[in-house]
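Reading the structure
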Amino acid sequence: MLTFTIRRLVLAVPTLLFISLIIFLLLELAPGDPMSQVPLTVPVEVREEMRKALGLGEPIPVRFWKWMVQFFWIEPQVLIDNIFGTQLADGKLRVLSWQTRSPVMDIVVQRIPQTLWVVGTAYVVGILIALPIGIYSAYRQYSWFDQTGTFVSMIGFSVPPFFSGVLVIVIFSVNLGWFPSIYDTTHKVTDWDSFVAQLRQMVMPVMVLALQITAQISRFMRASMLDNLNQDYVRTARAKGISEYYVVMVHVLRNSMIPVVTVIALGVPAIFGGAIITEQVFKVNGIGQLLISSIQANDLPMVQTLAFIFAVLIVLFNLIADVLYGILDPRIRYD
């Protein structure tokens, strides 16, 4: 397992380098000019100086190389400096946002906690709800519980977040007045009352995201459980007199979790992408809202960085899923 993990980590390096090249080239070829938002009254000479200051006057290979050095070499040094108090990155040019002229990673680090509050909580809540629903729906196939779960899952799959988000705002905020309609990103948790206020403003965005997560994972959990409940080893375990709870919750559940782990692991990057719409609806000042505003402003360094972070999450959670396969099923060996 250790050899497999190290090998996958080594292979991830060229994979991420290739992905970074594709992202960079796609965004370079995309229409739009960061100088388009500069007032027309600015002289042409000044506009050209501004273009050179942003690095737009250099060839694409040179710009890509500089971005690679800044992102993969200088930014890790900045992280080390922040942790250990060193001065490795002092005076070195970092990846700067064209929109704010601030380091891109500093802005991303400021926005991530807001996204994690909502997305992380929604994902955990969705998994905790989906797994029991999927297990019991499979065990009680075609029961009223299974039929209800199927109906709710269809709604979760069918209703997009921009519609369900507006719907819960109208119901729970406008009509009932239970929860605030806008997420206050400046709110800080200092005592019990502020913690309750934080939970109240998280309820609706978490509800919207958790609905989609629960619908997807519960269906996969149900299908996987049904595949294993009819296997020969289950009939053998029951014939030996093993309790039904142990048969279902140990033997069947462990084997059924293998495909579900893939869905859960690969769903983490997907839910970050899905949170973009939810953050727009509830005005959550997270990385999703940051990505939208950066695209609108043609802020290529910011868009490149956020897209690459999503790619890193996909590669990382692919590796985590593969490692969990070997833990759940001892028959799977990588070494």
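Residues numbered from 1 in each chain as written. Predicted model: local features only at pLDDT ≥ 70, side-chain atom pairs only at ≥ 80, totals over all residues. Heavy atoms only, no water.

Another point: the packing of helix α4 (residues 104–139) against helix α7 (residues 192–229). How two helices sit against one another is set out by the angle between their axes and by the gap between those axes. Packing of α4 against α7 brings their axes to within 5 Å, and their N-to-C directions diverge by 35 degrees. Viewed along their axes, α4 and α7 form a crossing whose handedness is right-handed. A class-by-class count of the residues in the contact of α4 with α7 yields 25 nonpolar, seven polar and two charged. (Axes fitted to C-alpha atoms, helices over the stretch in contact; angles between N-to-C directions. Helix = DSSP H or I, 4+ residues; strand = E, 2+ residues; numbered from the N terminus. Left-handed = near helix turned anticlockwise from the far one by under 90°. Nonpolar A, V, L, I, M, F, W, Y, C, P; charged D, E, K, R; others polar.)

As enumerated under the stated definition, the model contains six aromatic pairs in all. An angle of 80 degrees between the planes, with centres 6.0 Å apart, marks the rings of W144 and F145 as edge-to-face. On the accessibility criterion, W144 (66% relative accessible area) is exposed. For the pair F172 and F179, a centre-to-centre distance of 6.3 Å together with 55 degrees between the ring planes defines the contact as tilted. Its relative accessible area of 19% is what places F179 among the buried residues. A network of ring pairs unites the aromatic residues Y136, W144 and F145 as a single cluster. (Phe/Tyr/Trp six-rings, centres within 6.5 Å; stacked < 30°, edge-to-face > 60°. Buried < 20%, exposed > 50% of the residue type's maximum accessible area, 1.4 Å probe, protein only.)

Looking now at the pattern of salt bridges. Across all of its chains, the model carries two salt bridges by this definition. Salt-bridge contacts for D232 lead to R235; the nearest nitrogen and oxygen are separated by 2.2 Å. One end of the pair, D232, and the other, R235, are both in helix α8 (residues 232–239), three residues apart, so they sit about a helical turn from each other. Overall, the relative accessible area of 53% leaves D232 in the exposed class. (Salt bridge = Lys/Arg side-chain N within 4 Å of Asp/Glu carboxyl O.)

Coordinates in, geometry out; function isn't part of it.
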